[in-house]
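The residues making up each chain are set out below.
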Amino acid sequence: MIDKSSRALGDVLSQIGDGASIMIGGFGGAGQPAGLIDGLIETGAKDLVIISNNAGSGDDGLSRLLSSGAVRKIICSFPRMADSWAFEELYRAGKIELELVPQGNLACRIQAAGMGLGAVFTPTGFGTLLAEGKETREIDGRDYVLEYPIKADFALIKAHQGDRWGNLVYRKSGRNFGPIMATAAAVTIAEVSEVVELGELNPEHIITPGIFVRHIVKI
């Protein structure tokens, strides 16, 4: 019997070791797996590479992970916001590395990894510092930059509901980077608000099929 649900958060997250690359879902606070992030901090894993839309805000969630000193590098689109003081303090002190990726490119590169594509050409970033050292090409009279897929060892995402097979349903804006990150990581761990019985999820509402999910944890 397939059952990907687990109550033992520590056991699920213990497989994440030092130096792991981790995708963390969320658009600001919406869809951010705060429970999984808190559990990750408790594991004591260090030297992590984080892929996320932003670099955290306030003092909780991703910001708390950064403040713990566990992150060596972050790949994101929006490192600075009004309350992103945790990242800013670390960056100014030279304690964290930043790879800035335009949001559309970030999504596209994650999708490329999930689809098994070798690389993608995008017009975004052409002629800017973000394109320095990268291959460029003119296609149909327009200039493009070659960007490579972004994949990860783990994806930590948040969904509204899940069943024991790992099928996931999201709620409103909580459906952002989670679905594509689930396809681009070797191991996807989903935080859900509710675990339902098989057959209770409307097949038309399932966004992430269980084939992409290794564990679900009710938090």
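Residues numbered from 1 in each chain as written. Predicted model: local features only at pLDDT ≥ 70, side-chain atom pairs only at ≥ 80, totals over all residues. Heavy atoms only, no water.

The name given to the protein in an unreviewed UniProt entry is 3-oxoacid CoA-transferase subunit A, with Conchiformibius steedae as the source organism. Under the UniProt heading Sequence similarities (unreviewed entry), the entry covering the protein gives this text: "Belongs to the 3-oxoacid CoA-transferase subunit A family." (UniProt positions renumbered as here; feature names shortened; annotations may be inferred.)

Asker: Help me understand the state of the cysteines, please; the structure alone is not making it clear to me.
Answerer: Cysteine pairs can be linked by a disulfide, which is a covalent bond between their two sulfur atoms. Summed over all chains, the structure comprises zero disulfides. Cys 76 takes part in no disulfide bond, and the closest cysteine sulfur to it belongs to Cys 108, at a distance of 18 Å. Residue class for Cys 108 comes out partly exposed when judged on its relative accessible area of 30%. (Disulfide = S-S within 2.5 Å. Buried < 20%, exposed > 50% of the residue type's maximum accessible area, 1.4 Å probe, protein only.)

Asker: Just to check I follow, could you spell out the sheet that holds strand 6 (residues 120-122) for this structure?
Answerer: The strands that make up a sheet are held in pairs by hydrogen bonds between backbone atoms, and each pair lies either parallel or antiparallel. Spatial strand order, 6-8-7: three strands in an open sheet with antiparallel pairing. The sheet terminates laterally at strand 6 and strand 7 (136-139), the two strands that pair on one side only. With direction set aside, neighbouring strand axes in the sheet form an average angle of 40°. Direction of pairing for strand 6 relative to strand 8 (residues 142-147): antiparallel, over a ladder of three bridges. Residue pairing across strands places Phe 121 opposite Leu 146, the latter belonging to strand 8. (Pairing = 2+ DSSP bridges. Helix = DSSP H or I, 4+ residues; strand = E, 2+ residues; numbered from the N terminus. Axes fitted to C-alpha atoms, helices over the stretch in contact; angles between N-to-C directions.)

Asker: Teacher, can you tell me more about the packing of aromatic side chains here?
Answerer: The relation between two aromatic rings is expressed through the spacing of the ring centres and the mutual angle of the planes. Overall, the coordinates contain one aromatic pair when judged by the stated rule. Considering the side-chain rings of Phe 87 and Tyr 91, the 5.4 Å spacing of their centres and the 20° angle between planes classify their relative orientation as stacked. On the criterion of helical spacing, the pair formed by Phe 87 and Tyr 91 is a turn pair, its members being four residues apart in helix 4 (residues 85-92). (Phe/Tyr/Trp six-rings, centres within 6.5 Å; stacked < 30°, edge-to-face > 60°.)

Asker: Even after reading the chapter, I still don't get a nonpolar patch on the surface, so can you show me in this structure?
Answerer: Taken together, Ile 2, Trp 165 and Leu 198 make up a surface patch of nonpolar side chains, about 280 Å² in accessible area. Within the secondary structure, Ile 2 is located in the segment before strand 1 (5-6). (Patch = residues over 30% accessible without salt bridge, like charges linked within 9 Å, V, L, I, M, F, W, Y side chains within 5 Å. Areas by Shrake-Rupley, 256 points an atom, 1.4 Å probe, with all protein chains shown as cover. Salt bridge = Lys/Arg side-chain N within 4 Å of Asp/Glu carboxyl O.)

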